[in-house]
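Next come the chains, spelled out residue by residue.
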Amino acid sequence: MPVLPGAEPFRHEAGEVGVLLCHGFTGSPQSLRPWADYLAERGLTVSLPLLPGHGTRWEDMAVTGWQDWYAEVDRELRVLREKCEQVFVFGLSMGGALSLRLAAKHGDAISGLVLVNPANKVHGLSAYALPVARHLVRTTKGLADDIALPGSHEVGYDKVPLHAAYSVRKFFRLVDGELPQVTQPVVLLHSPQDHVVPPADSARILGRISSTDVSEILLEQSYHVATLDHDAERIFDESYRFIGRLAPSVGMKGSTSGG
């Protein structure tokens, strides 16, 4: 199937510091592309993969699960590690959960995490209905486009395949159990007005990870897809500052340019 316009994966090879960006459930690289471009323009090596079943049509997603999505980002991380001295992992929504599992599994191979409105649980009665409902109903309404900024649009599905949603539920439970294994420095940015992922998810993540170098930042002007919203530039700036603090070569570039 052809990829939706704007949903293409993105790669940029440059310096010895790399960043892997993980997009969210039913979304696409388009939601993180401005962030990827910002990092690439500053001399970082960037990988922004398209998760299997995403960026085409919802029917393709219905036959994929968390193992497929995780395998894709795990593979991209290993490629970056071969090219770069240091690698950071950034994620939005379910991409945050993917990032946390990578951190739990790969340890010191990852220098730090930046999480934007990370998801930790499927909430509400629908979560309990999924095991049965997925056999009776194929889809439910979509999650895309929770953005406050007028004119900003997320390329994503308008329907959620319930088989895939059930897989997400299982994945979140798995990652929740692995959170204590996360020890890397973390910046977690979340929106108080998020209509997809409640603030409770960020609170639980912060309460369960073992990291000691942790920053929490509120995105007061944005909804769920904050990387395409009013606070996007703040996210980009904070993430680059975070890399500069932990990656000496990037930090030196920032100091010589007055940043």
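Look up a bit, the structure's there.
My aim in this report is to walk through the structure given alongside it, one point at a time.

Criteria and cut-off values
Residues numbered from 1 in each chain as written. Predicted model: local features only at pLDDT ≥ 70, side-chain atom pairs only at ≥ 80, totals over all residues. Heavy atoms only, no water. Helix = DSSP H or I, 4+ residues; strand = E, 2+ residues; numbered from the N terminus. Buried < 20%, exposed > 50% of the residue type's maximum accessible area, 1.4 Å probe, protein only. Contact = heavy atoms within 4.5 Å. Pairing = 2+ DSSP bridges. Right-handed = clockwise from strand over helix to strand, strands pointing away. Core = buried A, V, L, I, M, F, W, Y, C linked by side-chain atoms within 4.5 Å. Axes fitted to C-alpha atoms, helices over the stretch in contact; angles between N-to-C directions.

1. Considering the environment of Cys 22
Along the chain, Cys 22 falls in strand β2 (residues 17–22). Judged by its relative accessible area of 0%, Cys 22 falls in the buried class. With 29 residues separating them along the chain, Cys 22 and Leu 51 place their C-alpha atoms 8.3 Å apart. Residues within four places of Cys 22 in sequence aside, it is in contact with Leu 32, Val 73, Val 89, Phe 90, Gly 91, Leu 92, Gly 95, Leu 98 and Ser 99.

2. Some remarks on the pairing of strand β9 (residues 214–218)
Here strand β8 (residues 186–190) runs beside β9; their pairing, made up of five bridges, is parallel. What sits directly across from Leu 188, in β9, is Glu 216. Considered for its hand, the β-α-β crossover made up of β8, helix α7 (residues 199–208) and β9 is right-handed.

3. What about the nonpolar core?
Counting residues in each nonpolar core, the largest one holds 41 residues, and the members touching the most others are Phe 25, Trp 69, Leu 98, Leu 100 and Leu 113. Sorting the residues of this core by element identifies β2, α2 (58–61), α3 (66–83), β4 (86–92), α4 (94–106), β5 (112–116), α6 (162–178) and β8 as the ones contributing at least two each. When residues in this core are grouped by element, the largest group, seven residues, is from α4. Those residues in contact with Trp 69 that sit more than four places away from it in its chain are Phe 25, Leu 51, Pro 52, His 54, Met 61, Thr 64, Met 94, Leu 98, Ala 164, Ser 167 and Val 168. Val 19, Ala 36, Leu 39 and Ile 147 belong to the second largest nonpolar core, which has 34 residues in total.

4. Considerations on the sheet that holds β8
One open sheet holds the seven strands; their spatial order is β1-β3-β2-β4-β5-β8-β9, and the pairing between them is mixed. Because the sheet does not close on itself, it has two edges, and the strands there are β1 (10–12) and β9. If you compare each strand with its neighbour and ignore which way they point, the axes differ by 15° on average. Bridge analysis of β2 against β4 gives six bridges, and the strand direction is parallel. If you follow Val 19 over to β4, its bridge partner there is Phe 88. In this fold α3 packs onto β1, β2, β3 (45–48) and β4, with an angle of close to 170° to the strand it touches most, β2.

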